[in-house]
Amino acid sequence: MDYSSYWHETAPRFAGACPDKVSGRFDVAVIGGGFTGLNAARQLAKAGVKVALLEAAHVGAGGSGRNGGHLNNGVAHGYAEAKTALGAEAAHRLYKAYDASIRMIEAITQEEGIDCDFRWSGKLKLASKPGHVDGLKANYELIHREVDPETRWLERADLAGEVGSEAFHGAVLYPKSAMMHMGRYGTGLAEAARRHGAVIWEGAPVTAREKGVTGWAVTTPKGTLTADRVILATGAYTPRTFDYFRRRILSVGSFIVATRPLSAEEAAQAMPGNRTCVTSMNVGNYFRLSPDNRLIFGGRARFSAVSDQRSDAKSGKILRASMAAIFPDLARVEIDHCWGGLVGMTKDRFPRAGRADGMIYGMGYSGHGAQMSTLIGSALADIAMGRDDTNPLSGLDWPPIPFNTGKPWFLPVVGAYFRLKDMMS
């Protein structure tokens with residue numbers, strides 16, 4: 001078994017990183033080489049802005065290259081819950097922003113010639129228990145009536161042509177969801193940004209920033225550059241240098257396994273609808289087929305803030321058991337890849353973007369970053385160029401999480417609480 005991300009291992013690595021030491025003066029410095037930072041850098045460079053991007057490891061090393069491969073529209077919450085928390089107008093704007101971001105991803109892949117298997121697949125939100133059906137159907141009816149009339153309700157009998165499992169009791173179909181190869185998209189974004197003129201340094205974690213007379217001095221082990229404006233796009237991997245943001249983010253592990261390539265018959269039996277799928281449990285699962293017919297199956301598995309080989313292996317065993325419970329015919333199939341990554345969660349699970357602590361920032365996607373981050377990267381680039389009207393998250397208050405120092409010691413307690421809720425639902 002390979003304890004590495006399937007997306008990393010099956011995509012070409014970015015070969016255009018600057019080999020020189022970090023130096024120079026720039027209009028904008030972008031910190032973080034995931035989809036948010038890469039698209040911000042791409043858009044800025046296209047507009048003729050002198051931009052540098054600093055990535056601590058390699059392009060796509062964090063959440064952008066460690067997720068489940070879904071581009072799912074719709075908010076993370078029940079839509080009624082989002083309306084209560086944000087107000088009807090803001091909830092509607094946020095829902096539509098996910099739609100717009102996925103369309104933007106498709107447009108970028110076409111414009112920049114990025115071969116990443118982008119496909120409009122649709123998403124199924126699956127009712128894992130009979131007791132979940134009424135709540136899921138009520139959320140569907142509200143969404144269908146107010147914000148997304150293309151959604152459909154599927155009864156249990158309708159699922160035979162969608163998912164080869166007897167585990168589910170109904171589902172909401174979101175046709176405007178998609179999927180792609182995350183590693184190839186990340187590399188393609190980096191190549192596009194560089195082609196348009198961005199300078200990208202890998203292996204350059206930011207260790208300090210200081211406001212000077214001529215702008216911000218941004219320091220890495222490879223050297224220091226100066227920039228008039230700084231964009232922070234580090235999400236769950238935000239370093240201690242940026243304590244303001246770490247106190248507002250919980251870095252929570254999410255874990256994934258990928259099977260060996262399934263035969264055409266196995267794939268058709270397990271996933272006849274070939275969509276992205278998410279279950280309705282609080283500690284639930286998500287799954288899809290890869291371009292080479294592997295079942296990519298993920299979930300929280302364990303409430304941990306650590307993702308390393310030992311932690312990922314423990315979670316992989318839990319995920320394999322969950323996969324076998326849903327797909328008994330795949331219980332003995334070989335697992336080729338097992339990996340984990342960190343998800344940047346906000347207290348209310350709504351993302352944030354704007355200006356704070358002297359910087360422009362976008363993060364806190366709370367498990368929905370693959371689909372939203374491209375649009376937010378574009379909005380951050382607009383802010384850096386003096387335009388404030390494209391940010392769908394403007395105006396959201398963002399207080400720190402009580403008792404959070406950036407090390408979420410309380411995660412096991414949170415996990416126990418949500419598992420109890422699942423048992424009682």
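- Under an unreviewed UniProt entry, the name given to the chain is Glycine/D-amino acid oxidase-like deaminating enzyme, and the organism recorded is Rhodovulum visakhapatnamense.

### Here's the deal with the environment of Ile-114
Step number 1: One can find Ile-114 in the loop between helix H4 (88–112) and strand E4 (119–120).
Step number 2: Ile-114 gets classed as buried once you look at its relative accessible area, which sits at 10%.
Step number 3: With 74 residues separating them along the chain, Ile-114 and Gly-188 place their C-alpha atoms 5.3 Å apart.
Step number 4: If we skip the residues at most four places from it in the chain, Ile-114 touches Ile-108, Thr-109, Arg-184, Tyr-185, Gly-188 and Leu-189.

### Notes on the packing of helix H3 (residues 79–86) against H4
Step number 1: Where H3 meets H4, the closest approach of the two axes is 7 Å, and the angle between their N-to-C directions is 125°. Compared by their axis directions, H3 and H4 come out oblique. Here the hand of the crossing between H3 and H4 comes out right-handed. Taken together, the residues of H4 that come into contact with H3 (itself represented by Tyr-79, Ala-82, Lys-83 and Leu-86) are Ala-88, Ala-90, Ala-91, His-92, Leu-94 and Tyr-95.
Step number 2: Here the contact of H3 with H4 is composed, by residue class, of 8 nonpolar, 1 polar and 1 charged.

### Regarding the sheet that holds strand E15 (residues 285–289)
What holds strands together in a sheet is hydrogen bonding between their backbones, with the strands either parallel or antiparallel.
Step number 1: Spatially, E6-E7-E5-E14-E15-E16-E13-E17 is the arrangement adopted by the 8 strands of the open sheet, whose pairing is mixed. With one partner strand each, in any of the chains shown, strand E6 (152–155) and strand E17 (335–345) form the two edges of the open sheet. Each strand of the sheet is rotated relative to its neighbour by a mean of 20°, with strand direction disregarded.
Step number 2: The sheet contact formed by strand E13 (residues 250–259) and E17 spans 10 bridges and is antiparallel. Paired with Ile-256 across the strands is Trp-339, a residue of E17.
Step number 3: Packing of helix H5 (residues 133–146) onto the sheet brings it into contact with strand E5 (123–126), E6 and strand E7 (170–174), and relative to E6 it is tilted by some 155°.

About the thresholds
Residues numbered from 1 in each chain as written. Predicted model: local features only at pLDDT ≥ 70, side-chain atom pairs only at ≥ 80, totals over all residues. Heavy atoms only, no water. Helix = DSSP H or I, 4+ residues; strand = E, 2+ residues; numbered from the N terminus. Buried < 20%, exposed > 50% of the residue type's maximum accessible area, 1.4 Å probe, protein only. Contact = heavy atoms within 4.5 Å. Axes fitted to C-alpha atoms, helices over the stretch in contact; angles between N-to-C directions. Parallel < 35°, antiparallel > 145°, perpendicular 65-115°, else oblique. Left-handed = near helix turned anticlockwise from the far one by under 90°. Nonpolar A, V, L, I, M, F, W, Y, C, P; charged D, E, K, R; others polar. Pairing = 2+ DSSP bridges.

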